[in-house]
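A structural walkthrough
Next come the chains, spelled out residue by residue.
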Amino acid sequence: MAGRCKWCGDDMEVFLPYARLGLCKSHFKYYVVRRVKRTIERYGMIKPRERVLVALSGGKDSLVLLHVLSTMNESNDPKISLKCEVEAVTLDLGIRGYSEGCVETARAYCEKLGVPHHAVKMVELAGFTMDDVASRRGRPVCSVCGVVKRHFLNKVGVEMGFDRLATGHNLDDEAAVIFSNYLSANVEFLSRQSPILPSREGMISRIKPLFEISERETMIYAQFQGLTPIDRGCPYAIDPSTHRFKMVLNVLEKEMPATKIRMVRGFLERVKPLLERDGTTPLRKCAMCGYPSPSEICSFCRLRKNYGPM
Ligand code: FES
Ligand code: ZN
Ligand code: ZN
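Keep in mind that this is a model prediction, so the values were computed, not measured.

So, how was this worked out
- Residues numbered from 1 in each chain as written.
- Chains lettered and ligands numbered in written order.
- Predicted model: local features only at pLDDT ≥ 70, side-chain atom pairs only at ≥ 80, totals over all residues.
- Helix = DSSP H or I, 4+ residues; strand = E, 2+ residues; numbered from the N terminus.
- Rg over C-alpha atoms; globule rule 2.2 N^0.38 Å.
- Buried ≥ 20, exposed ≤ 12 C-beta atoms within 10 Å, placed from the backbone.
- Pairing = 2+ DSSP bridges.
- Right-handed = clockwise from strand over helix to strand, strands pointing away.
- Axes fitted to C-alpha atoms, helices over the stretch in contact; angles between N-to-C directions.
- Parallel < 35°, antiparallel > 145°, perpendicular 65-115°, else oblique.
- Contact = placed C-beta atoms within 7 Å.
- Nonpolar A, V, L, I, M, F, W, Y, C, P; charged D, E, K, R; others polar.

**Regarding the overall build of the protein chain**
- The helix and strand tally for the protein chain stands at 12 helices and 10 strands.
- Computed over its C-alpha atoms, the radius of gyration of the protein chain comes to 20 Å, within 12% of the 19 Å expected for a compact globule of 310 residues.
- Looking at the 310 residues of the protein chain, the share that counts as buried comes to 35%.

**Concerning the pairing of strand S3 (residues 51-55)**
- Within S3, four of the five residues are buried, leaving the element largely enclosed by the surrounding structure.
- Here five bridges tie S3 to strand S4 (residues 85-92), and the two strands are oriented parallel to one another. Bridge pairing in S4 places Arg-51 opposite Glu-85.
- Handedness of the crossover joining S3 and S4 through helix H2 (residues 60-74): right-handed.

**Describing the packing of helix H7 (residues 171-183) against helix H10 (residues 241-255)**
- Contact geometry for H7 and H10: axes closest at 9 Å, N-to-C directions at 100 degrees. Relative to H10, the element H7 lies roughly perpendicular. Across the interface between the two elements, Asp-172, Ala-175, Ala-176, Val-177, Phe-179 and Ser-180 of H7 pack against Ser-241, Thr-242, Phe-245, Lys-246 and Leu-249 of H10.
- Partitioning the contact of H7 with H10 into residue classes produces six nonpolar, three polar and two charged.

**Let's talk about unusual backbone geometry**
- Phi is positive for Arg-20, close to 45 degrees, though the residue is something other than glycine.
- Here Arg-20 shows up in the loop between strand S1 (14-16) and strand S2 (21-23).
- Arg-20 gets classed as exposed once you count the C-beta atoms within 10 Å, which come to 10.
- In this model, Ala-258 sits at a positive phi of 85 degrees, which is unusual for a non-glycine residue.
- Topologically, Ala-258 is positioned in the loop between H10 and helix H11 (259-277).
- With 14 C-beta atoms counted inside 10 Å, the residue Ala-258 sits in the partly exposed group.

**Points about the environment of Glu-41**
- Secondary-structure assignment places Glu-41 in helix H1 (residues 25-42).
- On the neighbour-count criterion, Glu-41 (12 C-beta atoms within 10 Å) is exposed.
- Distance in space between the C-alpha atoms of Glu-41 and Asn-76 is 16 Å, their sequence separation being 35 residues.

**What about the sheet that holds S4?**
- Here we have six strands laid out as an open sheet, ordered S5-S4-S3-S6-S8-S7, and mixed in their pairing. Because the sheet does not close on itself, it has two edges, and the strands there are strand S5 (117-121) and strand S7 (196-197).
- Two elements, strand S6 (residues 164-166) and strand S8 (residues 205-207), share three bridges in a ladder whose sense is parallel. Residue pairing in the sheet places Ala-166 in a bridge with Ile-207 of S8.

**Quick word on the environment of Gln-225**
- Along the chain, the position of Gln-225 falls in the loop between helix H9 (215-224) and H10.
- In the structure, Gln-225 is positioned 161 residues away from Val-64 in sequence and 8.8 Å away in space, judged by C-alpha atoms.
- Discounting residues that sit within four places of it in the chain, Gln-225 has contacts with Lys-29 and His-67.

**Things to note about the pairing of S4**
- With five bridges connecting them, S4 and S5 associate as parallel partners. Across the sheet, the residue bridging to Ala-88 is His-117, located in S5.
- In terms of handedness, the path from S4 via helix H3 (residues 99-113) over to S5 forms a crossover that is right-handed.

Right, dumping it as structure tokens:
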């Protein structure tokens with residue numbers, strides 16, 4: 001790539017149109033960590049010395065998240081340093097030929113970074129696996145999986161006494177979700193959409209430290225750091241509509257750089273406060289598992305009635 005790094009004058013390896021910024025390899029890596037640190041500070045996501053549990057699936061984004069948080073932990077450079085206690089958890093969903101690889105990738109990677117890793121098996125916690133869900137007719141597997149992951153990651157985080165549960169959602173994920181919910185005027189969903197959810201009784205605070213980093217940036221960061229995510233996709237992944245919204249946003253971004261970040265920030269700064277004024281659904285305790293739920297029985301316990309234990 002022709003051009004020079006704006007910070008050091010070396011060969012430029014990456015150009016970021018939304019910032020009109022060209023950087024060499026090492027400054028790009030530094031830039032990503034610094035931006036994540038700024039996001040964390042701007043939204044008050046992690047305070048020094050808090051205990052952070054990273055939901056590590058073995059995929060690219062969660063590996064990048066763990067790498068960035070460990071880099072901050074080890075650094076003494078005030079622009080990127082953030083001392084907190086980082087551990088990771090992987091939920092073994094029991095998908096034959098796939099879940100074993102996810103757990104192994106996550107485990108090996110944590111070992112390399114010296115981060116404590118916890119692997120929890122869905123079959124032991126729920127009494128059924130995602131393979132069992134797929135073998136029956138019913139809701140789309142991915143939507144059941146979303147409920148299961150939310151329930152158990154929260155449960156593990158709360159029971160192990162962590163302050164935050166961090167997930168690897170990136171800017172493209174956030175922009176696509178907001179965009180699609182604007183189009184369907186799903187106000188209830190939009191009012192709950194946030195890169196940081198505070199803790200409540202029985203519910204850990206959830207944070208998305210990568211939500212201002214684009215998919216392209218996480219991809220390049222992973223490549224530059226030599227991170228090797230699991231090489232297979234989930235066999236139950238269908239082409240979700242989110243993918244189409246991402247494609248549309250990529251076209252807009254190409255024509256008008258910074259579209260995605262402007263949309264997400266605009267939503268958080270100007271739209272969300274208006275929605276919050278209308279109030280969000282209050283939570284009570286699920287009558288079956290005791291974890292917070294908007295209805296008498298939480299969505300996970302409703303699922304368990306249908307699927308397990310098998
Ligand atoms: Fe959950 Fe594929 S990872 S269904
Ligand atoms: Zn440079
Ligand atoms: Zn429940």
